[in-house]
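Understanding the architecture of this molecule
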Amino acid sequence: MIPRKIEAAINDQINFELYSAYIYLAMAAHLRFKGLNGFANWMQIQAQEETVHGMGFYNFIIDRGGKVALKAIAQPKSEWKSALAAFENVLAHEEIVTSRINNIAALAEAEKDYATRNFMQWYISEQVEEEANANEIINELKLAEDSKEALLMLDREKAQRIFMFPVIPGGIKAPGAAAP
Ligand code: FEO
């Protein structure tokens, strides 16, 4: 049975992961409106990943005999002054996600809930990648500066990103995926 405090923290995190998906979908819509379809594709795939992150927590609560409680998802912003501003927002948001994930891991340790502590390890490693990806794109956009040509080249490159189903040990698995 999952401790109540942990169940509550993970239920909050389901909401935050789905809120992350909502933010990235809003960014995708904005970037598409601005004609930056490649960056929009990147954001849409990011939103899909966030939904899977949320479902990983959802399934974990169920597997531990707990109760999933879904809450209202906050309204995201709808405008960013540039692609760079949107990706800076991604990084700032991911830093918040990282601190929330760390807090759940710390709470699991304090509660001696080692199943949750173990489960959180995947998310801890994932956050290193999430922040690195955002940082990389921020640096590319800074290098492009005011060059429309460079911006369009980067946009075309981001159009190549494809959705790879994140396989979370003990969490949701891709349809037909082998158990990790
Ligand atoms: Fe689910 Fe981008 O953290």
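The preceding data block contains the structure.
What counts and what doesn't
Counting of residues starts from 1 at the beginning of each chain's written sequence and follows it residue by residue. Only residues with pLDDT of 70 or above have their local features reported here, since the model is predicted, and side-chain atom pairs are shown and tallied only from 80 upward, although totals for entire chains, interfaces and linings are computed over all residues. The side-chain numbers reported here are obtained from all heavy atoms of the structure, hydrogens and water having been left aside. Residues are called lining when one of their atoms sits within 4 Å of a cavity or pocket point, these points coming from a 1 Å grid over the protein atoms alone, where a cavity is a set in which a 1.4 Å probe fits but cannot get out and a pocket is an open set with protein on both sides within 12 Å along at least five of seven lines. Grid points are joined across faces, edges and corners, and a volume is the space filled by probe spheres set on the points. Helix and strand assignments come from DSSP, with helices taken as H or I runs of at least 4 residues and strands as E runs of at least 2, each series counted from the N terminus. Note that Gly is not counted as nonpolar here; it falls among the polar residues with everything else outside the nonpolar set of Ala, Val, Leu, Ile, Met, Phe, Trp, Tyr, Cys and Pro and the charged set of Asp, Glu, Lys and Arg. Pairing of aromatic side chains here covers Phe, Tyr and the six-membered ring of Trp, requires ring centres within 6.5 Å, and sorts the geometry by plane angle: under 30 degrees stacked, over 60 edge-to-face, intermediate tilted. Accessible area is worked out with a 1.4 Å probe on protein chains only. A residue is then buried under 20% of its type maximum, exposed over 50%, and partly exposed in between. Joining through side-chain atoms within 4.5 Å is the link that ties buried Ala, Val, Leu, Ile, Met, Phe, Trp, Tyr and Cys residues into a set, and such a set is a nonpolar core. Two residues form a contact once any of their heavy atoms are found within 4.5 Å.

**Let's talk about empty space enclosed by the protein**
Per the counting criterion, the structure on display carries 1 cavity of 30 Å³ or more. Together, Tyr 24, Trp 42, Gln 46, Val 90, Glu 94, Glu 130, Asn 133 and Ala 134 line the largest cavity. Within the residue set of the lining of the largest cavity, elements represented by two or more residues are helix 2 (37-63), helix 3 (83-110) and helix 4 (114-144). With 3 residues, helix 4 is the largest single contributor of residues to the lining of the largest cavity. Of the residues contributing to the lining of the largest cavity, the split by class is 4 nonpolar, 2 polar and 2 charged.

**Considerations on the packing of aromatic side chains**
We describe a pair of aromatic rings using the distance from one ring centre to the other and the angle between the two ring planes. For the structure shown, the criterion picks out 9 aromatic pairs. Centre to centre, the rings of Phe 57 and Phe 119 are 5.9 Å apart; their planes meet at 75°, and the pair counts as edge-to-face. With Phe 57 in helix 2 and Phe 119 in helix 4, this pair connects stretches of sequence that are 62 residues apart. Given a relative accessible area of 0%, Phe 57 falls into the buried group.

**Describing the nonpolar core**
Residues Met 43 and Phe 87 are the most contacted members of the largest nonpolar core, which totals 46 residues. The set of elements that each furnish at least two residues to this core consists of helix 1 (4-33), helix 2, helix 3 and helix 4. Broken down by element, this core gets its largest block of residues, 13 residues, from helix 1. In this view, Met 43 contacts Tyr 24, Met 27, Ala 28, Leu 31, Ala 86, Phe 87 and Val 90; residues no more than four positions away in its chain are not counted.

**Some thoughts on the layout of surface pockets**
Its boundaries defined by the atoms lining it, the largest pocket holds a volume of some 170 Å³. Forming the boundary of the largest pocket are Ser 82, Ala 83, Leu 84, Leu 141, Lys 142, Ala 144, Glu 145, Asp 146, Ser 147, Lys 148 and Leu 151. Those elements that provide at least two residues to the lining of the largest pocket are helix 3, helix 4 and helix 5 (148-158). Residue classes in the lining of the largest pocket are distributed as 5 nonpolar, 2 polar and 4 charged.

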